[in-house]
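# Chains, contacts and geometry: an overview
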Amino acid sequence: MESFQGARDDISFQMGLIWSQLKEPVIVPLLRLAVFLCLAMSLMMLVERVYMGLVICLVKLFGRKPEKRYKWEPMKDDVELGNSTYPMVLVQVPMYNEREVYQLSIGAACGLSWPSDRIIIQVLDDSTDPTIKELVQMECSRWASKGVNIKYEVRDNRNGYKAGALKEGMKRSYVKQCDYVAIFDADFQPEPDFLWRTVPFLVNNPELGLVQARWKFVNANECLMTRMQEMSLDYHFTVEQEVGSSTYAFFGFNGTAGVWRISALNEAGGWKDRTTVEDMDLAVRASLKGWKFLYLANLKVKNELPSTLKAYRYQQHRWSCGPANLFKKMFSEIIRNKKVSLTKKIYVIYSFFFVRKVVAHINTFVFYCIVLPATVVVPEVAVPKWGAVYIPSIITLLNAVGTPRSLHLLVFWILFENTMSLHRTKATIIGLLEASRVNEWIVTEKLGDALKGKGGGKAPKKIRFRIGERIHMLELLVGCYLLLCGCYDFMLGKNRFYIFLYPINCFLHHGIWICWHFRSQLLEGLDSTSFRCLHIVIVFTV
């Protein structure tokens, strides 16, 4: 026993000696460099957020509505020309094994108000399940029997995924007569007047290549995870898209709920499947050709948020990896372009891509989950209070303005975003390095919650899972690291960072269970007060 104790003391002494020898010449300088880089990235994010906040304030103050910036006149009947005065519109609805929502999406597309002989509904079905394929075809036939000009299109492969399906759909002979194409993913439900509110902008403004609508989430109240997604996406639509539209007439196409001028789409080179963000790829290429984009914040299209953690993680991987990969592939092309101004190039490269798609993901994880906790163990490296407290607080508050109704969930949102930052950072690095999974495309699962909201849905599906879907080793390892740093700071440190480290550590360990478990079926019948009380209980539990 004494020999064992002696051996253990000897190992501890050796490790302490190695640490003391490496600390001053290696660890401290590297950590100081990391702190400097993270603070620089934090300042970039702060300047970007403040700039966008000021632009939004000016837009609201001076009332720069789309109708004032661009010519808009309602479409009118012509007695002599008849319906030929209306442009021909193609409506594309790509889908893949959408058993839960195919009726909803096809019904919404067929319900669009527009002269019946001037609109074509094109259902692009990539389904691999024969039963679902047959159901979709029957639904299209049902609408065709009602007089709707609907085309059911399939292909013998899934090359290019959604981009491949859209590209194949544009090759059909009847598309040549169309002037504009509206695109709706399978869970999107446009209002009947959608085309009346978007197409006139394109008709009266030949420089416009795209009109994008806002998303409205039908299942935002389903669980805590959907509420936090709503907070992040509302900021994107309320601020980022509006700023891009108001200042540079450029923003990333959201892949759905938008109308393209077909000539702009073709001039940009059409759909490409080189990344998992074919929508953003097309938008950047069209912008480099000189086309302008318009965002309509007051036009909302209903859709569904991912309500399982598995689906959300797959979606976030695609949304983080794709833009980073596209940035790498298009950087030189943007630099060499001669059709757009220098300021627009700087906006696209620095603001749109570098700060929002790369720096924001990497800095959130590296600074707050790696570097800041490390300074607890290495007190020789100090992080100024403005960098550790003030900047993230300002950024968080500016981000929260998009969803005022969820301000009481702000702490929860911070914890969740820090947890997801590891997953997004990994995806961003994969995109930049073009590593494995760079072109991974997994369709986001839809549960048909919109149908249940109308009272015509099925009973809630029993959620089945595997251990690997509930336990994520990287998150657990980072959680253990944060726990150790928090305990060290609590017992020996002076920074009191443990106040921040302990909640994040707990969320990394338990957040997966919370987000999965508190689904809508557990919350049915709760009023808003009970819902808030449940949030408070969970926060105190964490």
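Residues numbered from 1 in each chain as written. Predicted model: local features only at pLDDT ≥ 70, side-chain atom pairs only at ≥ 80, totals over all residues. Heavy atoms only, no water.

## With respect to the overall build of the chain
- Counting its secondary structure elements, the chain contains 19 helices and seven strands.
- Taking all contacts inside the chain whose residues are at least 6 apart in sequence as the whole, residues at least 24 apart take part in 82%.
- For the chain, the computed accessible surface area is about 25,200 Å², with 61% contributed by carbon and sulfur atoms. (Helix = DSSP H or I, 4+ residues; strand = E, 2+ residues; numbered from the N terminus. Contact = heavy atoms within 4.5 Å. Areas by Shrake-Rupley, 256 points an atom, 1.4 Å probe, with all protein chains shown as cover.)

## Observations regarding the nonpolar core
- Core analysis: the biggest nonpolar cluster contains 93 residues, and V91, I106 and W260 have the highest contact counts within it.
- It is helix α11 (residues 342-377) that contributes the most residues to this core, seven residues altogether.
- Formed by 21 residues, the second largest nonpolar core is a distinct cluster that contains V35, V359, F367 and I391. (Core = buried A, V, L, I, M, F, W, Y, C linked by side-chain atoms within 4.5 Å. Buried < 20%, exposed > 50% of the residue type's maximum accessible area, 1.4 Å probe, protein only.)

## Structural notes on the sheet that holds strand β2 (residues 119-125)
- Judged by pairing direction, the sheet is mixed, and its seven strands sit side by side in the order β3-β2-β1-β4-β6-β5-β7 without closing on themselves. Among the strands making up the open sheet, the edge pair consists of β3 (150-153) and β7 (292-303). This sheet shows a mean twist of 20° between the axes of neighbouring strands, independent of strand direction.
- Contacts between helix α3 (residues 102-110) and the sheet are confined to β1 (89-95), β2 and β3, with β1 contributing the most and set at about 175° to the helix. (Pairing = 2+ DSSP bridges. Axes fitted to C-alpha atoms, helices over the stretch in contact; angles between N-to-C directions.)

## Thoughts on the packing of helix α10 (residues 309-336) against helix α13 (residues 410-433)
- At a minimum axis separation of 7 Å, α10 and α13 run at an interaxial angle of 40°. In terms of orientation, α10 and α13 fall into the oblique class. Relative to α13, α10 is oriented so that their crossing is right-handed. Contacts between α10 and α13 pair Y312, R313, Q316, H317, S320, C321, A324, N325 and K328 from the former with F416, M420, H423, R424, A427, T428, I430, G431, L432 and L433 from the latter.
- Here the contact of α10 with α13 is composed, by residue class, of nine nonpolar, seven polar and three charged. (Parallel < 35°, antiparallel > 145°, perpendicular 65-115°, else oblique. Left-handed = near helix turned anticlockwise from the far one by under 90°. Nonpolar A, V, L, I, M, F, W, Y, C, P; charged D, E, K, R; others polar.)

## Description of a nonpolar patch on the surface
- There is a patch of nonpolar side chains on the surface, built from L43, V50, L54, W386, V389, Y390 and I394 and spanning about 620 Å² of accessible area.
- Within the residue set of the nonpolar patch, elements represented by two or more residues are α1 (2-62) and α12 (385-400).
- With four residues, α12 is the single largest residue contributor to the nonpolar patch.
- You can call V389 partly exposed: its relative accessible area is 38%. (Patch = residues over 30% accessible without salt bridge, like charges linked within 9 Å, V, L, I, M, F, W, Y side chains within 5 Å. Salt bridge = Lys/Arg side-chain N within 4 Å of Asp/Glu carboxyl O.)

## As for the environment of Q103
- Take Q103: it is sitting in helix α3.
- For Q103 and D187, which are 84 residues apart along the polypeptide, the C-alpha to C-alpha distance reads 9.7 Å.

## Digging into the pairing of β2
- With seven of seven residues buried, β2 lies mostly within the body of the structure.
- Residue alternation in β2 divides its side chains into two sets, I119, I121, V123 and D125 and I120, Q122 and L124, and both sets are buried.
- In this sheet, β2 lies alongside β1 in parallel orientation, the contact comprising seven bridges. The partner of L90 across the bridge, within β2, is I120.
- Taken together, β1, α3 and β2 constitute a β-α-β crossover, and its handedness is right-handed.
- As judged from the four bridges shared by β2 and β3, these two strands associate in the parallel manner. For L124, the partnering residue across the bridge sits in β3 and is E153. (Right-handed = clockwise from strand over helix to strand, strands pointing away.)

## Some details on helix α4 (residues 130-144)
- For α4, built from 15 residues, the straight-helix expectation of 21 Å at 1.5 Å per residue is met to within 8% by its first-to-last C-alpha distance of 21 Å.
- If you check which residues of α4 are buried, you get I132, V136, E139, C140 and W143. For α4, the angular spread of the buried residues around the axis is 100°, confining them to a single face. Across α4 from its buried face, at more than 90 degrees, point the exposed residues P130 and M138.
- Elements that come into contact with the buried residues of α4 comprise β1, α3, β2 and β3.
- Residue D129 occupies the N-cap position of α4, its side-chain oxygen lying 2.9 Å from the main-chain nitrogen of T131. (Expected span 1.5 Å × (residues − 1). Arc of directions from axis to C-beta. Polar contact = N/O pair within 3.5 Å; in protein donor to acceptor, adjacent residues only side chain to side chain.)

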